[in-house]
Amino acid sequence: MARQIEHGASVIEIGAGTGAITRHITRIGHTSQLVIFEQDRRLAELLRHQLVQVRVIEGLFHNMVGSLGDLPDNLVMVSSVPFKSLSGKLHFETAAAICRILCVSPNRRLIQYSYFDSHPFVPHHSGLQWRRLSRVWANLPPATIWELRAEHSLGTSPS
Ligand SMILES: C[S@@+](CC[C@H](N)C(=O)[O-])C[C@H]1O[C@@H](n2cnc3c(N)ncnc32)[C@H](O)[C@@H]1O
C-alpha cells in the first residue's frame, strides 16, 4: 500500500487502526504531509502517542474531512476501511465522501485493498474507474490492491 504513493504526494490515511500501514508510509518519507483518520477513540489516542510527527484526526472520515479545508491536487488517500462489512449508511457516506474528493481532479487517487479480487465498492460517479495495482499473496487471505481515480476532471457533484 505504502509503495503505491508517489514521491511528494500529500497523503490521507483512512482507518489507520493500529498504524501498521502508517508506519510504512512514514518510513518511506511521507511524514510531513500525512494526515490520518481513525474513528476508534482508543486507537486514535494510541496513534497520537506513538506517531507524534503525524496529524491524527479522530472520527468518521466523512464527518471530519471538511476540517482540512481545501485539499491539494496531488492527494493520495490510502484506505483500510472494511467496506464489505460496513453498514449500508456508513458504507454509502464514506464512499460518497471519497468519490466527491476524487471527482475534483484526475491527479487524486484512492489506494484501497480488498480480498477475493472483487473491487472494494461501487463508485458514486461513472467517471471513476478502479484499476488493479497488485496482489499480495503473503496476506491471508490474499489481498488485491486497487486504485480508484477519475479518468479526467469530473466536477464536484457525484451522480
Ligand atoms: C482493518 S482496520 C485497520 C487496519 C490498519 N491498517 C491497521 O494497521 O490496523 C480498519 C480501521 O478503520 C477504522 N474505520 C472504519 N471506518 C472508518 C471511517 N469511516 N472513518 C475512520 N476510520 C474508520 C476502524 O476503526 C478500524 O480501526
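The coordinates are above.
Residues numbered from 1 in each chain as written. Predicted model: local features only at pLDDT ≥ 70, side-chain atom pairs only at ≥ 80, totals over all residues.

A. Structural context of the nonpolar core. Counting 37 residues, the largest nonpolar core has Ile 36, Met 77, Val 78 and Leu 102 as its most contacted members. Listing elements by their share of this core, those giving two or more residues are β1 (10-14), α1 (20-27), β2 (34-38), β3 (55-58), β4 (75-79), α4 (88-103), β5 (109-115) and β7 (143-150). The biggest single contributor to this core is α4, with 6 residues. Here Ile 36 is in contact with Glu 13, Ala 16, Thr 22, Leu 47, Val 54 and Val 56, once residues within four sequence places are set aside. (Core = buried A, V, L, I, M, F, W, Y, C linked by C-beta atoms within 7 Å. Buried ≥ 20, exposed ≤ 12 C-beta atoms within 10 Å, placed from the backbone. Helix = DSSP H or I, 4+ residues; strand = E, 2+ residues; numbered from the N terminus. Contact = placed C-beta atoms within 7 Å.)

B. Structural view of unusual backbone geometry. Look at the link from Leu 140 to Pro 141: it is a cis peptide, with omega at -5 degrees. Positionally, Pro 141 belongs in the loop between β6 (128-136) and β7.

C. Here's a closer look at the site of the ligand. The environment of the ligand is made up of 18 residues, and the closest members are Gly 15, Gly 17, Thr 18, Ala 20 and Ser 80. When contributions to the shell around the ligand are tallied by element, the ones reaching two or more residues are α1 and β2. In the shell around the ligand, the residues fall into 9 nonpolar, 7 polar and 2 charged. (Near = placed C-beta within 6 Å. Nonpolar A, V, L, I, M, F, W, Y, C, P; charged D, E, K, R; others polar.)

D. Examining α1 more closely. What α1 keeps buried is the set Ile 21, Thr 22 and Ile 25. What you see down the axis of α1 is that its buried residues fit within an arc of 100 degrees, all on one side. Projecting away from the buried face of α1 at angles above 90 degrees are the exposed residues Ala 20 and Arg 27. Those residues of α1 that are buried lie in contact with β1, β2 and β4. With its phi angle positive at about 90 degrees, Gly 29 sits one or two positions after the end of α1. (Arc of directions from axis to C-beta.)

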